[in-house]
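Okay, here's what each chain looks like letter by letter:
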Amino acid sequence: MKNIIWLASYPKSGNTMLRIFLSCYFFTEKGFIKNFDFLKNIISINQKSFLKKLENYEEIINQIKKNPEIIQNYWIKIQHQISEEKKNETFFIKTHNANINYNSFDFTNKDFTKYFFYIVRDPRSILISLMSHFEFDSYTESKQYLLSDNAITNLNINLPEIILSWRSHYISWKNFYNHNKNLGQIIKYEDMVNKPEATFRNILETICEKMKLTFDEKKYQNSLESLNFTKLQKMENEITFHESVHKNQKFFRKGIIDEWKSLVPADIIKEIEKEFFTQMKELGYL
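Here the structure is a predicted model, which is why all the values come from computation and not from measurement.

What to know about empty space enclosed by the protein
- The full count for this structure, using the stated rule, is one cavity of 30 Å³ or more.
- Forming the boundary of the largest cavity are Ile45, Asn46, Ile71, Tyr74, Trp75, Ile78, Asn97, Phe107, Leu159, Pro160 and Glu161.
- Of the residues contributing to the lining of the largest cavity, the split by class is eight nonpolar, two polar and one charged.

Okay, here's the thing in structure tokens:
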């Protein structure tokens, strides 16, 4: 049942920016943001509630806490459940999961996917955002997470997501794209920031085509205006953003490009560039 539009990315790559834009357009009257609650209209695939219908729910959750990789057993089951509940509609799902086959279990497949947008961002910029978001003690610790193929989120309030390294994450969704080019596209975070008019117009026109909807120019412009970073920061200062990992940490930190040039030690940058050379060159980051 092809009714999922995926909004996928490695953590801190711009997923929230895209979700705010789409939430403004599809879940507000005129396209203006008033609070962060409307973001909840876009499903996060790692909600524990998706497993509550299973008889042995508590046992499963305890098993996952001990071994997060067990989540692989429930990827497709969860998608099937959501698709059945929403079988007469197309809906968005956010994920940071790598699109992998793990121990013979696929994260997702073309049977559930109506379309997907994969957001990719320069890993040198992600390094700084990861450090702030996860409160790493150093750029070295943040770099280790970025390079690790063992990276798995395991927040107490959510189901774990298998992240892997930045390279493996990108390759996993790129491979899905290469085999299903009619089902999705890869979007650069830098284009969302530097060329928002063209980039978000392309995204929205694609979705409207897939959902057979009429493009609303005025609502589009209002939704684009709602992405103003200063306004989002002001709103977060007044209203707690429910997706912040740490209570005293701001989610909307800076949202700028190439901040790493003046902050990150040269040896760490060189190591990232060496490890990810092929993919960064391919994407135009080198």
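Past the structure itself, the notes keep going.
Thoughts on unusual backbone geometry
- A positive phi angle, near 65°, is found at Lys12, a position not held by glycine.
- In this structure, Lys12 sits in the loop between strand E1 (4-9) and helix H1 (15-27).
- A positive phi angle, close to 75°, is found at Ser104, a residue other than glycine.
- For Ser104, the location among the structural elements is in the loop between strand E4 (101-102) and strand E5 (105-106).

What about the environment of Phe276?
- When you line up the elements, Phe276 lands in the loop between helix H12 (266-275) and helix H13 (277-283).
- Given a relative accessible area of 0%, Phe276 falls into the buried group.
- Taking the C-alpha atoms as reference points, Phe276 and Pro123, separated by 153 residues in sequence, lie 8.5 Å from one another.

Digging into the nonpolar core
- Tyr10, Leu51, Leu146 and Trp166 are the most contacted members of the largest nonpolar core, which has 54 residues in total.
- Setting aside chain neighbours within four positions, we find Leu51 in contact with Tyr57, Ile60, Ile61, Ile64, Tyr74, Ile78 and Leu159.
- Phe38, Ile187, Phe200 and Leu204 belong to the second largest nonpolar core, which has 29 residues in total.

Comments concerning the sheet that holds strand E3 (residues 91-95)
- Taken in spatial order, the five strands of this open sheet run E2-E3-E1-E6-E9, and their pairing is parallel. Edge strands, defined here as strands with exactly one partner in the open sheet, are strand E2 (43-44) and strand E9 (184-188).
- Where strand E6 (residues 113-120) lies against E9, five bridges are found, and the strand directions are parallel. Within E9, the residue paired with Phe117 across the bridge is Gln185.
- The strands touched by helix H6 (residues 166-179) within the sheet are E1, E3, E6 and E9, with E6 carrying the most contacts at an inclination of about 145°.
- In the packing of helix H8 (residues 196-211) onto the sheet, the strands contacted are E1, E3, E6 and E9, and the crossing angle to E6 comes to about 170°.

As for the side chain of Asn222
- Counting through the fold element by element, Asn222 comes out in helix H9 (residues 217-225).
- On the basis of relative accessibility, which here comes to 5%, the residue Asn222 falls in the buried class.
- Every residue in contact with Asn222, bar those within four places of it in the chain, is listed here: Lys30, Gly31 and Phe32.

Describing the confidence of the model for the chain
- Of the residues in the chain, 90% have a pLDDT of 70 or more, and the chain-wide mean is 89.
- Predicted confidence for residues 242-246 stays below pLDDT 50, and this span has 16 contacts to residues more than four positions away or in other chains.
- Low confidence marks residues 249-253, where pLDDT is under 50. Its contacts with residues over four positions away, or in another chain, come to 29 contacts.

Some thoughts on the pairing of E1
- Most of E1 sits out of view: six of its six residues are buried.
- Of the two faces of E1, both are covered, the one formed by Ile4, Trp6 and Ala8 as well as the one formed by Ile5, Leu7 and Ser9.
- Two strands pair when backbone bridges link them, and E1 and E3 are joined in this way by five bridges, in the parallel orientation. Residue Ile4 lies in a different strand from E3, and its bridge partner there is Phe91.

Overview of the pattern of salt bridges
- According to the stated counting rule, one finds 10 salt bridges in the structure shown.
- We note a salt bridge from Arg167 to Glu275, for which the minimum N-O separation is 3.9 Å. Here Glu275 lies in helix H12 and Arg167 lies in helix H6, a separation of 108 residues in the sequence.
- Salt bridges here are not isolated pairs; linked through shared partners, they connect Asp122, Arg124 and Glu273.

What about H8?
- Look at H8: 22 Å from first C-alpha to last across 16 residues, which is about the 22 Å you get at 1.5 Å a residue.
- Along H8, the residues that are buried comprise Thr199, Phe200, Ile203, Leu204, Thr206, Ile207 and Cys208.

How each quantity is defined
- For every chain, the first residue of the written sequence is number 1, and numbering continues from 1 along that sequence.
- Totals for whole chains, interfaces and linings use every residue, but because this is a predicted model, local features are given only for residues with pLDDT of at least 70 and side-chain atom pairs only at 80 or more, for both listing and counting.
- For side-chain calculations, the full set of non-hydrogen atoms in the structure is used, while hydrogens and water are omitted.
- Here the term cavity refers to a set of points on a 1 Å grid, laid over the protein atoms alone, in which a 1.4 Å probe fits but cannot get out; the term pocket refers to an open set having protein on both sides within 12 Å along at least five of seven lines, with lining residues being those that place an atom within 4 Å of a point.
- Grid points are joined across faces, edges and corners, and a volume is the space filled by probe spheres set on the points.
- Under the scheme applied, nonpolar residues are Ala, Val, Leu, Ile, Met, Phe, Trp, Tyr, Cys and Pro; charged residues are Asp, Glu, Lys and Arg; polar residues are all the others, including Gly.
- Secondary structure elements are defined from DSSP: runs of H or I of at least 4 residues count as helices, runs of E of at least 2 residues count as strands, and each element is numbered from the N terminus.
- Only protein chains enter the accessibility calculation, which uses a 1.4 Å probe; a residue whose area is less than 20% of its type maximum is buried, one above 50% is exposed, and one in between is partly exposed.
- The set of buried Ala, Val, Leu, Ile, Met, Phe, Trp, Tyr and Cys residues whose side-chain atoms join them within 4.5 Å is what this entry labels a nonpolar core.
- By definition, residues are in contact when any of their heavy atoms lie within 4.5 Å.
- Strands qualify as paired when DSSP identifies two bridges or more between them.
- Between N-to-C directions, angles cover 0 to 180 degrees, with each direction set by a line fitted to C-alpha atoms, over the stretch in contact for helices.
- A residue's pLDDT is the predictor's confidence in that residue, given on a scale from 0 to 100.
- For this document, the term salt bridge refers to a Lys or Arg side-chain nitrogen within 4 Å of an Asp or Glu carboxyl oxygen.
- In a helix, the anticipated span is given by 1.5 Å times the number of residues less one.

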